[in-house]
4 protein chains.
Amino acid sequence: MRQPCAVLGATGMVGQRFVERLAGHPMFSLHAVTGSERSQGKRYAEVDWVLDTPRSRKSDELLIADVASVLADDEVRVVFSALPGGLAGPVERQLAAAGKRVFTNARDLRMQPDVPLLIPEVNPDHLELAWGQDPSGGFVVANGNCAAIVATLALAPVARAYGIERVEMTTLQSLSGAGHPGVSGLDAVGNVIPYIAGEEDKLQSEPQKTLGQLVTSPDGARITPADFRIRATATRVPVREGHMAILHVHLRHGADSEGVTDALSGFVGPPELRGLPGAPKRPLHVMTDERRPQPLHDVGREEGMAVSVGRIQVDGGGKELRMVALGANTVRGAAGQSLLNAAYAEKLRASS
Amino acid sequence: MRQPCAVLGATGMVGQRFVERLAGHPMFSLHAVTGSERSQGKRYAEVDWVLDTPRSRKSDELLIADVASVLADDEVRVVFSALPGGLAGPVERQLAAAGKRVFTNARDLRMQPDVPLLIPEVNPDHLELAWGQDPSGGFVVANGNCAAIVATLALAPVARAYGIERVEMTTLQSLSGAGHPGVSGLDAVGNVIPYIAGEEDKLQSEPQKTLGQLVTSPDGARITPADFRIRATATRVPVREGHMAILHVHLRHGADSEGVTDALSGFVGPPELRGLPGAPKRPLHVMTDERRPQPLHDVGREEGMAVSVGRIQVDGGGKELRMVALGANTVRGAAGQSLLNAAYAEKLRASS
Amino acid sequence: MRQPCAVLGATGMVGQRFVERLAGHPMFSLHAVTGSERSQGKRYAEVDWVLDTPRSRKSDELLIADVASVLADDEVRVVFSALPGGLAGPVERQLAAAGKRVFTNARDLRMQPDVPLLIPEVNPDHLELAWGQDPSGGFVVANGNCAAIVATLALAPVARAYGIERVEMTTLQSLSGAGHPGVSGLDAVGNVIPYIAGEEDKLQSEPQKTLGQLVTSPDGARITPADFRIRATATRVPVREGHMAILHVHLRHGADSEGVTDALSGFVGPPELRGLPGAPKRPLHVMTDERRPQPLHDVGREEGMAVSVGRIQVDGGGKELRMVALGANTVRGAAGQSLLNAAYAEKLRASS
Amino acid sequence: MRQPCAVLGATGMVGQRFVERLAGHPMFSLHAVTGSERSQGKRYAEVDWVLDTPRSRKSDELLIADVASVLADDEVRVVFSALPGGLAGPVERQLAAAGKRVFTNARDLRMQPDVPLLIPEVNPDHLELAWGQDPSGGFVVANGNCAAIVATLALAPVARAYGIERVEMTTLQSLSGAGHPGVSGLDAVGNVIPYIAGEEDKLQSEPQKTLGQLVTSPDGARITPADFRIRATATRVPVREGHMAILHVHLRHGADSEGVTDALSGFVGPPELRGLPGAPKRPLHVMTDERRPQPLHDVGREEGMAVSVGRIQVDGGGKELRMVALGANTVRGAAGQSLLNAAYAEKLRASS
């Protein structure tokens, strides 16, 4: 029995990725899609498909609806949100209040104290926040910024094993991160833009929440963010898919490159993740070829759900780690992450 | 004494090219620029500069005006139009009726019987149409579609020397031809789009007008278009500047490649062009290296005003010619062509 | 029972494509790979993998051998050749004389009168040439040039239905067609090169052989090439995979675009092909969206074995057809074609 | 009177840049070019020109010679070296011993204690090392790695004004930095390679030498390198020209962004540089538009001799500076720097 679900903002790039990966999903079946007023009432088949992969025909007949109809649809209990930032927050809260379980890629509620910023391999216990979020049983679970997720996954085992004091990060982010049409071809071909609006703030604050500690008290649960500083510079490069993060990490405890490699390679999530749709066998793939990871070759590992890490080097008496992480920004960095969050949360609910 | 002039639609890509090339122009001085309502009232310095070349500071202080103010400005007699197609025609007619001499890059009036589609090296006599266009002395002179100009220049000496029966043309057109933002980076990088809206019709009809014959009668002058067929397919490639036309030409009279090379290399315009600003020493540069012309290397020849021609091959008993032409689409294919048209027309007026 | 096979020239781009697609192939199992002297003796795992897809691990343990050892290996009866042109011919003849059935992507023997230039959907009967090629039972079957295959597939149903008088073709070919490293990044990014060494001759002669007629006589079988002229210009564009052919076709009999669309969409090969590994359900996918086919979106159709055709337009009183064909050059245009040829030939042998 | 000079390794990318910029140089005239054995004896016109700019015709008639003939040519006293690393060192020492004044772009002698690693705007006094290098009066002056020069110029005024404690640097380097053919188009288009062989070591050590202090004693002069640590990660991006350095700098003394901007904007070299050929009016151009600098738009500032700096941000209580520097790697980062070094050194010699 698959859960009926809806995708909000289904016509954009991330929305399309949701629809693509829901085709044939063993846990969820797509009942409704929403879009802007301009597209409402059209069949989903009429949407201009912007992904490289062929369009799934399963969703062709769906009519593009508005959010109100999803809100009113009692059958749909699980909602995926690819709504634009600014618009998303109030809508998602309203849906949660109506008992829907919302898994959102939007930025609006990420840093709200009662919303988990979830990567099940990293902070599965933060889901605790969701259970108590609304008396209706509805809730909002967020995933982070696309590049922040990639970096956080690579940092998680390092934080556990050695402690992190500070991180200097530079990202080389792909065009799909800006959606379609996004960056003009004239600005993209043969060029680099050393700025992405709003990006650096997220890169400097979201990983600490995901890597933070759940503290429960009689007043309820909350997250104490991890206590380290990140300085980030985000650039746009002419790559189609794949955000690369160059990570210069200052460690609390001495490490060596073998130890870091082992910590990354051996990193796994909680046992409940095993076998879940969208859960990679190994969330982190360590590469020893110094020319890797590369977007062209590595972005598709484990269907876009694994982050590749290379160029591991420890220096400065064991306290300075350099590594390069790469992940599929519209998959692990967006729709794929939301879907994994939902699969995990639904499994926990079912088993509790 | 430089003629005061205005640029209509000065904020777009072609408009910026006009402004760039008017800086320091010996015949024209830029007095006014216009833009859409959204930009009117701003200083030109506030416009987002999209050309690769640095912005000329000379125009920074100009305020972006509306067309009405240009119409009312008696000082401005020469107007360059980079208005969008659809909008341009009526405005340009109105300016001409007010005595302005309008040199337009817009498509609207190109095929009107009383408007010359001018390339001074090719059909200088067509200017005759302009002189009689409006009792006020104002007129509209058009230049062709960006890729059509490149092809027409390469075809002109061939038509003269051998006669043309038909042309099969495929164009590989650059991103700047679509303006900014134009083509999405996601559609551009590593891709080809085998279609450009509205382009093929222009490629199939404009060259015949420019290569046509001026016929004068008591009723006035008109153009008999050249009597050959063009079939064209237009594609978009991830190149910044430079439209390439692959030309398969069926000739009326037998040729050999030396003859064609000589005809192209020796091609010059009327003597009045010599030394005019923007007039290349040789409008056509023949290349013998079979790997050329290439956009990266050849688009800037004679400051973008020369068309490069390579891969000349004659076959089929002398009746089949293949050549590859390349030109700077925003320069020779647009603003540069308009400016050369104006320089030529103004010189003729001055000397008559 | 899978046939043991060998891949000659297994370290290059096409060789790697052979190895990739032989992993898990239901009819063939890879027993041997050969490479240049420099690589002989190494494990295949040590070869620098240049395809975007992950390396198949199945072949990692194979030792790179020389051709002599393949010649001497009686177990290996089927050989795939990705040898470089110039080197390939004598080696392939020698292997055939030793009873091997050789399926080659090399250019050397393509135009030899006793070697079929095979596309099973188009000229399955040409295999007749192979059966009688060598008393040992060995033979060489060739596939055409990568872009020629794409064009031939699109032209085949047109030739059948309307007859072809002549073709004017321009190709926009991808970087992978030049192998790795092939074209320098400095020549590729943001550029077009209007020349590919040796390519145009192949494009102008190979399709006529594949589309030719098998004539049998007491002296044996031979091919009468199709009686039409092709003029081709080949260009290199910054695309990774996918050759596009712009085809301007002069027909013998009047057509309309619906008829052409039906002829292409309905095109299928002989019944024996059905269900064979590598045989696409429909060899030709007709696209009505005028912006398609595009390399990024369409090169992977039917795992690279379908050719996409768009921009179908009939003009000139029904005698002038324009269409744009796109195919995966290292798959349908090379290794995939060879493998399909082999699957088809082996099936026929088995059933005869 | 122009000094006769030679360019060693004149056929490569940097060698061509030397030849290009020597055409019409007011201080030097090109008398000899050398190349590998394969090219010796050919006319320079036969060399495949790989720069985007048109080939200068002035050097066409030069015959490509060997180093021995330069060594023997008493007329040539100034030598520019674009020899490959590994080969360059001994040759350059030999030329210096013969009284030649060698300005080298090669890596071999950069870190030798008696060789200045010169950027005249930054460490003009280091030339002192050269004067005493060889009794013959000959010497070797080196310039740094292409990306190191860009970073060093941006860091120099910061080091002077605030002191530097450490630097975390990520570079996004262009294809021309790898020469021609260099990076394969298949690895370049739509991709990032997070590694450049040998680059990071240079980035981590050369700036400290250039920013170091000249200490003179009775035993001679030597350089005390600047006392700060650099950690660098070098990546290759699909850009033609322009290395970008993302600089995260820890300062010794508190700064604010206005102060940093002033220090960079006001940075000038010694008065002797003013008006020298190749000396930019301002070595550092500060950009306030956060989307800049971009390779496409800014690499050509002051004919490639200015470094553009943007994204200036001070944080962490004034002790953490972030900035993004961009420079033309084959100009300011290579041939242009050598030529400026030579112009400066020759002027000092002439005036002493």
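See above for the structure.
Please read these numbers as outputs of a predicted model, since none were measured by experiment.

### Looking at the relation of the copies chain D and chain A
- With an RMSD of 0.0 Å, the operation that places chain D on chain A is a rotation of 180 degrees combined with a shift of 0.0 Å along the axis. In symmetry terms, the pair is related by a two-fold rotation axis.

### Focus on the interface of chain D and chain A
- On the chain A side, the residues contacting the 43 residues of chain D number 43 residues.
- For the chain D and chain A pair, buried surface summed over both sides reaches about 3600 Å², with 52% attributable to carbon and sulfur atoms.
- Run the count over chain D and chain A and you get 14 salt bridges.
- Where chain D touches chain A, the interface holds 27 residue pairs in polar contact (both at pLDDT 80 or more).
- Where the side of chain D that touches chain A is concerned, the elements lending two or more residues are strand E7 (164-173), helix H6 (185-188), strand E10 (229-236), strand E11 (243-251), helix H9 (295-298), strand E13 (307-315) and strand E14 (320-327) of chain D.
- No other element matches E10 of chain D, which puts six residues into the side of chain D that touches chain A.
- Its residues assigned to classes, the side of chain D that touches chain A shows 21 nonpolar, nine polar and 13 charged.

### Concerning the sheet that holds strand E12 (residues 284-286) of chain D
Residues and elements named next belong to chain D.
- The strand order across the open sheet formed by six strands is E10-E7-E11-E14-E13-E12, and the pairing between neighbours is mixed. Looking at which strands have only one partner, the edges of the open sheet turn out to be E10 and E12. Averaged over all pairs of adjacent strands, the angle between their axes in this sheet comes to 20 degrees, without regard to strand direction.
- Relative to E10, E7 runs parallel, the two being bridged by eight bridges.

### Comments concerning the relation of the copies chain C and chain B
- When chain C is fitted onto chain B, the two copies agree to an RMSD of 0.0 Å after a turn of 180 degrees and an axial shift of 0.0 Å.
- A share of 100% of interface residues in chain C that are also interface residues in chain B marks the association as one of identical surfaces.

### Things to note about the pairing of strand E4 (residues 78-81) of chain C
Residues and elements named next belong to chain C.
- Going residue by residue along E4, you find Val-78 and Phe-80 tucked away on one face and Val-79 and Ser-81 tucked away on the opposite face as well.
- Across four bridges, the pairing between strand E1 (residues 3-8) and E4 is parallel. Counterpart to Val-7 in the pairing with E4 is Phe-80.
- Two elements, E4 and strand E5 (residues 101-104), share four bridges in a ladder whose sense is parallel. Among the inter-strand pairings, Val-79 is bridged to a residue of E5, identified as Val-102.
- Between E4 and its parallel partner E5, the chain crosses via helix H3 (residues 88-97), and the hand of that crossover is right-handed.

### Digging into the packing of aromatic side chains
- One pass over the full model with this rule turns up 20 aromatic pairs over all chains.
- Considering the side-chain rings of Phe-80 of chain B and Phe-103 of chain B, the 6.1 Å spacing of their centres and the 35 degrees angle between planes classify their relative orientation as tilted. Taken together, the positions of Phe-80 of chain B in strand E4 (residues 78-81) and Phe-103 of chain B in strand E5 (residues 101-104) put the pair 23 residues apart, joining distant regions of the chain. Here Phe-80 of chain B matches Phe-103 of chain B in class, with each residue buried.
- The structure contains a cluster of three or more aromatic residues connected by ring pairs, namely Phe-18, Phe-28, Phe-80, Phe-103, Trp-131 and Phe-139 of chain A.

What counts, and where the lines are drawn
- Residue positions are counted from 1 within each chain, in the order its sequence is given.
- Here chains are named by letter from A upward and ligands by number from 1 upward, in the order in which they appear as written.
- Local features are withheld for residues below a pLDDT of 70 in this predicted model, meaning they are given only at 70 or higher, and side-chain atom pairs are given and counted only at 80 or more; totals for whole chains, interfaces and linings count all residues.
- Hydrogens and water are ignored here; the side-chain numbers use all heavy atoms of the structure.
- Only residues with pLDDT of at least 70 in both copies contribute their C-alpha atoms to the least-squares superposition of the copies.
- Note on definitions: a residue-residue contact is assigned when non-hydrogen atoms from the two residues lie within 4.5 Å.
- Here the quantity called buried area is the accessible surface, traced with a 1.4 Å probe, that two parts lose on coming together, added over both.
- Throughout this description, the term salt bridge denotes a Lys or Arg side-chain nitrogen within 4 Å of a carboxyl oxygen of Asp or Glu.
- Counting of polar contacts relies on pairs of N or O atoms within 3.5 Å, with two restrictions inside protein: one atom must be capable of donating a hydrogen and the other of accepting it, and residues adjacent in sequence are counted only when both atoms are side-chain atoms.
- In this text, helices come from DSSP runs of H or I with a minimum length of four residues, and strands from runs of E with a minimum of two, each type numbered from the N-terminal end.
- Under this grouping Gly is polar, as are all residues other than the nonpolar Ala, Val, Leu, Ile, Met, Phe, Trp, Tyr, Cys and Pro and the charged Asp, Glu, Lys and Arg.
- When DSSP finds two or more bridges between a pair of strands, those strands are recorded as paired.
- Fitted lines through C-alpha atoms serve as axes, helices being fitted only where they are in contact, and the angles separating the N-to-C directions of these axes extend from 0 to 180 degrees.
- Working definition: with a 1.4 Å probe on protein chains only, accessible area under 20% of the residue-type maximum means buried, over 50% means exposed, and in between means partly exposed.
- With the strands aimed away from the viewer, a crossover counts as right-handed if its path from the first strand over the helix to the second runs clockwise.
- Only the six-membered ring of Trp is used, alongside the rings of Phe and Tyr, when aromatic pairs are assigned; centres must lie within 6.5 Å, and planes under 30 degrees apart are stacked while those over 60 apart are edge-to-face, with the rest tilted.

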